[in-house]
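Residue strings, one per chain:
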Amino acid sequence: MNRPFTFINSAMSADGKISTRERKQVRISGDIDFDRMDELRASSDAIMVGVGTVLADDPSLTVKSQSRRDVRKSAGFDEDPVRIVVDSKARTPLDADIFKKGTGMRIVAISSSAPKGKVDALSEKATIITAGDEKVDLALLMGQLSSMGIQRLMVEGGATLNWGLLSNGLVDEVFSFIGNIFIGGNSSPTLVDGEGFLKGDLLPLELISSETMEEGVLLKWKVLNK
Ligand SMILES: NC(=O)c1ccc[n+]([C@@H]2O[C@H](COP(=O)([O-])OP(=O)(O)OC[C@H]3O[C@@H](n4cnc5c(N)ncnc54)[C@H](O)[C@@H]3O)[C@@H](O)[C@H]2O)c1
Ligand SMILES: Nc1nc(=O)c(N)c(NC[C@H](O)[C@H](O)[C@H](O)COP(=O)(O)O)[nH]1
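The rules behind the values
- Residues numbered from 1 in each chain as written.
- Chains lettered and ligands numbered in written order.
- Predicted model: local features only at pLDDT ≥ 70, side-chain atom pairs only at ≥ 80, totals over all residues.
- Heavy atoms only, no water.
- UniProt positions renumbered as here; feature names shortened; annotations may be inferred.
- Buried < 20%, exposed > 50% of the residue type's maximum accessible area, 1.4 Å probe, protein only.
- Helix = DSSP H or I, 4+ residues; strand = E, 2+ residues; numbered from the N terminus.
- Pairing = 2+ DSSP bridges.
- Near = heavy atom within 4 Å.
- Polar contact = N/O pair within 3.5 Å; in protein donor to acceptor, adjacent residues only side chain to side chain.
- Areas by Shrake-Rupley, 256 points an atom, 1.4 Å probe, with all protein chains shown as cover.
- Nonpolar A, V, L, I, M, F, W, Y, C, P; charged D, E, K, R; others polar.
- Salt bridge = Lys/Arg side-chain N within 4 Å of Asp/Glu carboxyl O.
- Core = buried A, V, L, I, M, F, W, Y, C linked by side-chain atoms within 4.5 Å.
- Contact = heavy atoms within 4.5 Å.
- Axes fitted to C-alpha atoms, helices over the stretch in contact; angles between N-to-C directions.
- Phe/Tyr/Trp six-rings, centres within 6.5 Å; stacked < 30°, edge-to-face > 60°.
- Lys NZ or Arg CZ within 6 Å of the ring centre and 35° of its normal.

- In the nomenclature of an unreviewed UniProt entry, the chain is known as 2,5-diamino-6-(ribosylamino)-4(3H)-pyrimidinone 5'-phosphate reductase of Methanococcoides seepicolus.
- A UniProt comment under Subunit (unreviewed entry) is attached to the chain, and it reads "Homodimer."
- The chain has a UniProt comment under Pathway (unreviewed entry) that states "Cofactor biosynthesis; riboflavin biosynthesis."

1. Some remarks on the pairing of strand S2 (residues 46-50)
So, point 1. Most of S2 is tucked away: 5 of the 5 residues are buried.
So, point 2. Side chains of S2 alternate between two faces, with Ala46, Met48 and Gly50 and Ile47 and Val49 buried alike.
So, point 3. Sheet analysis places S2 next to strand S3 (residues 82-86), joined by 5 bridges and oriented parallel. Across the sheet, Gly50 pairs through a bridge with Val86, a residue of S3.
So, point 4. Bridge count for S2 against strand S6 (residues 152-155) is 3 bridges, and the pairing is parallel. When the bridges of S6 are listed, Met48 appears paired with Val155.

2. Considerations on the site of ligand 2
So, point 1. Near ligand 2 there are 15 residues, and of these Val26, Ile28, Ser29, Lys64 and Glu156 occur at the shortest range.
So, point 2. A distance of 3.0 Å separates an oxygen atom of ligand 2 from a polar atom in the side chain of Arg41.
So, point 3. Here an oxygen atom of ligand 2 sits 2.7 Å away from a polar atom, N or O, in the side chain of Glu156.
So, point 4. When ligand 2 is considered free in solution it has 520 Å² of accessible area, and contact with the protein chains removes 86% of it.
So, point 5. Tallying contributions element by element places helix H1 (residues 31-42) first for the shell around ligand 2, with 3 residues.
So, point 6. Looking at side-chain class alone, the shell around ligand 2 contains 7 nonpolar, 3 polar and 5 charged residues.

3. Considerations on the pattern of salt bridges
So, point 1. Throughout the structure, instances matching the rule amount to 14 salt bridges.
So, point 2. We note a salt bridge from Asp35 to Arg68, for which the minimum N-O separation is 2.9 Å. Of this pair, Asp35 sits in helix H1 while Arg68 sits in helix H3 (residues 66-74), and the two are 33 residues apart along the sequence.
So, point 3. What makes Arg68 buried here is its relative accessible area of 15%.

4. Considering the nonpolar core
So, point 1. Met48, Ile84, Leu138, Leu141, Leu145, Leu153 and Leu165 are the most contacted members of the largest nonpolar core, which totals 32 residues.
So, point 2. For Leu153, the contacting residues outside a window of four places in its chain are Pro4, Phe5, Thr6, Phe7, Ala46, Ile47, Met48, Ile84, Met142 and Leu145.

5. Comments concerning the sheet that holds strand S7 (residues 173-178)
So, point 1. Spatial ordering of the open sheet is given by S5-S4-S3-S2-S6-S1-S7-S9-S8, a layout of 9 strands whose pairing is mixed. Strands at the two margins of the open sheet, each flanked by one partner only, are strand S5 (127-130) and strand S8 (205-213). The mean inter-strand angle of the sheet, taken between neighbouring strand axes irrespective of direction, is 20 degrees.
So, point 2. Inspection of the sheet shows S3 paired to strand S4 (residues 106-110) by 4 bridges, in the parallel sense. In the sheet register, Val85 faces S4, and the bridge partner there is Val108.
So, point 3. Relative to S2, helix H7 (residues 159-166) is tilted by about 115 degrees, and along the sheet it contacts strand S1 (5-12), S2, S3, S6, S7 and strand S9 (216-223).

6. Notes on the packing of aromatic side chains
So, point 1. For the structure shown, the criterion picks out 3 aromatic pairs.
So, point 2. Relative to Phe7, the ring of Phe5 has its centre 6.5 Å away and its plane inclined at 40 degrees; by these criteria the two rings are tilted.
So, point 3. Judged by relative accessible area, Phe5 falls into the partly exposed class, the value being 31%.
So, point 4. Phe7 gets classed as buried once you look at its relative accessible area, which sits at 0%.
So, point 5. Cation over ring: Lys220 sits above Phe175, and NZ or CZ is 5.3 Å from the ring centre.

What follows is the structure in structure tokens.
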């Protein structure tokens, strides 16, 4: 099945966490990495997050640089990429910043088990894509996004969505900024949560590049899908 070229961009602590055990957002990236993230957003057709990230961070997922917005507009694109929330049960708040800020299409991907009332309310704010019964069928969703012309997809987490995509072989590259903090906590979200791979079935990566960036390190990986 066709799917977009998909990369995860995330930031994690030196001990691999992406937020605290309270799931409170932690600023891990420095200014340079946030600007790199903004460039990635501006060069993507769509940006995807899980609803857990929306509930925890209320991200707008907009392009911040006005010059980058102008370039997108002059090329005939919306100033913001398509913004997608993967949200099985339609839990995305109606007053979320993803709806209040920015321009362009918003998509909420739900499963067929989502409550009808919530879906109807969200359909006023976003295009609804239904894929899967209990959880969103991510492979099916990717095929639908591809058929909509989305060729380059940026995923900004969080921990559970990253697992869902990686464990289904749906990710091509992973960019991870590792910051100079320890977060700790055996219940703090990591870059990849979910069930986890078992010995003998671990997901291999190929290092594309590593570079020191401010007080941290940026690693870029190619995912060696089976
Ligand atoms: N540091 C970073 O770069 C970064 C980036 C994003 C999020 N975060 C943090 O991560 C945390 C959120 O991560 P999370 O794991 O709680 O939620 P998440 O953002 O990964 O969303 C998970 C939700 O997506 C939905 N979903 C539907 N179908 C799915 C499928 N097939 N596979 C997986 N998910 C599916 C489910 O409702 C699931 O609960 C927050 O604390 C946030 O601050 C950090
Ligand atoms: N790259 C990155 N570095 C971080 O230090 C951090 N905490 C996040 N977190 C992921 C999520 O993308 C953020 O919550 C949004 O980046 C919020 O900002 P926006 O309103 O979307 O611009 N991401």
